[in-house]
Amino acid sequence: MSNPAAGQMGDEDPHNLGHDDNVPISEQGPAPKRIVVAYGFWIFLLSDFILFSGFFAGYAVLSGATAGGPAGRDLFELPLVATETALLLLSSFTCGMAGIALTARNMRWFQGAMAATFVLGAGFLALEAYEFAHLIGEGAGPSRSAFLSAFFALVGCHGLHVLLGLIWLTTMMAQVGAKGFRDDIERRVQCFALFWHALDIIWVAVFTMVYLMGAGA
């Protein structure tokens, strides 16, 4: 006697096979892919937070090791850094708008919001590059003191993440434009959004600990 359910097996998502409320969790098979991807990406983000915590700890220890050179209060231009901060926070807002457009399957708004995120992120990077070039031009490069080494390592590491995020962003725009709102691409865009918002959180910590506390010390 044939089993009616057996004829429908080929239409089911293999990741959902065995998922039955009456079956113990230990016997329900692999989790849906969206959960596996989200879980793995959160582990990646946490490892990145651990990486930055090491840079923050190094900066905290070395912030007073100026070797007779300039300290933060002599170097940091708060209006410039405040502009950088505003650009990055606005880019997080437009990234959130892109997520809403993704849910609504609105291609025009998605591409527009992602393009705005790119422009704001690129503006942040341009100001950061100007700041670095200005400091090095004044003789306050990373080799001048342990304080400046820690400063360039921490802020530069964050800037490198923003650069990689911009490359990822353009890849997502191209994939959505070429292939539409497929489930796998949607998962990648959601991972990108998590990554971008995490960069905002880290930057707020950098702005507070490095620039505000450094300028006021």
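Structural notes, computed from the coordinates. (Residues numbered from 1 in each chain as written. Predicted model: local features only at pLDDT ≥ 70, side-chain atom pairs only at ≥ 80, totals over all residues. Heavy atoms only, no water.)

It is worth spelling out empty space enclosed by the protein at this point. Counted under the stated rule, the structure contains one cavity of 30 Å³ or more. Approximately 40 Å³ is the volume attributed to the largest cavity. For the largest cavity, the full set of lining residues is Leu45, Asp48, Phe49, His161, Phe195, Ala198, Leu199 and Ile202. Within the residue set of the lining of the largest cavity, elements represented by two or more residues are α1 (33-62) and α6 (183-216). Looking at the lining of the largest cavity, the element that brings in the most residues is α6, giving four residues. (1 Å grid on protein atoms, 1.4 Å probe; cavity = no way out; pocket = protein on both sides within 12 Å on 5 of 7 lines; lining within 4 Å. Points joined across faces, edges and corners; volume = space filled by probe spheres on them. Helix = DSSP H or I, 4+ residues; strand = E, 2+ residues; numbered from the N terminus.)

Per the counting criterion, the structure on display carries 16 aromatic pairs. The interplanar angle of 50° and the centroid separation of 6.0 Å between the aromatic rings of Tyr59 and Phe147 together place this pair among those described as tilted. Residue Tyr59 is located in helix α1, and its partner Phe147 is located in helix α5 (residues 146-179); the two are separated by 88 residues in the primary sequence. Overall, Tyr59 belongs to the buried group, its relative accessible area being 4%. When the centroid spacing of 6.4 Å and the interplanar angle of 55° are considered together, the rings of Phe76 and Phe147 count as tilted. Placement of Phe76 in the loop between α2 (72-75) and α3 (78-103) and of Phe147 in helix α5 is noted, with a sequence separation of 71 residues between them. Of the two residues, Phe76 and Phe147, neither departs from the other in class, the shared state being buried. (Phe/Tyr/Trp six-rings, centres within 6.5 Å; stacked < 30°, edge-to-face > 60°. Buried < 20%, exposed > 50% of the residue type's maximum accessible area, 1.4 Å probe, protein only.)

Turning our eyes to something else, we now look at α3. The end-to-end C-alpha distance of α3, which contains 26 residues, comes to 38 Å, matching closely the 38 Å that a straight helix rising 1.5 Å per residue would cover. Phi turns positive one or two residues past the end of α3, at Arg105, with a value near 55°. (Expected span 1.5 Å × (residues − 1).)

Relative to each other, α1 and α5 sit at 155°, their axes nearing to 7 Å. Comparing the axis directions of α1 and α5 gives the class roughly antiparallel. Remark: the crossing between α1 and α5 carries left-handed chirality. Residues Phe41, Asp48, Leu51, Phe52, Phe55, Phe56, Gly58, Tyr59 and Leu62 of α1 form the contact with α5, whose participating residues are Ala146, Phe147, Ala150, Phe151, Ala153, Leu154, Cys157, His158, His161 and Trp168. Here the contact of α1 with α5 is composed, by residue class, of 15 nonpolar, three polar and one charged. (Axes fitted to C-alpha atoms, helices over the stretch in contact; angles between N-to-C directions. Parallel < 35°, antiparallel > 145°, perpendicular 65-115°, else oblique. Left-handed = near helix turned anticlockwise from the far one by under 90°. Contact = heavy atoms within 4.5 Å. Nonpolar A, V, L, I, M, F, W, Y, C, P; charged D, E, K, R; others polar.)

Before going further, it helps to spend a moment on a nonpolar patch on the surface. A cluster of nonpolar side chains, Leu160, Leu163, Leu164 and Ile167, forms an exposed patch at the surface whose accessible area comes to about 360 Å². By the element assignment, Ile167 lies in helix α5. (Patch = residues over 30% accessible without salt bridge, like charges linked within 9 Å, V, L, I, M, F, W, Y side chains within 5 Å. Areas by Shrake-Rupley, 256 points an atom, 1.4 Å probe, with all protein chains shown as cover. Salt bridge = Lys/Arg side-chain N within 4 Å of Asp/Glu carboxyl O.)

That is the geometry; function is a separate question.
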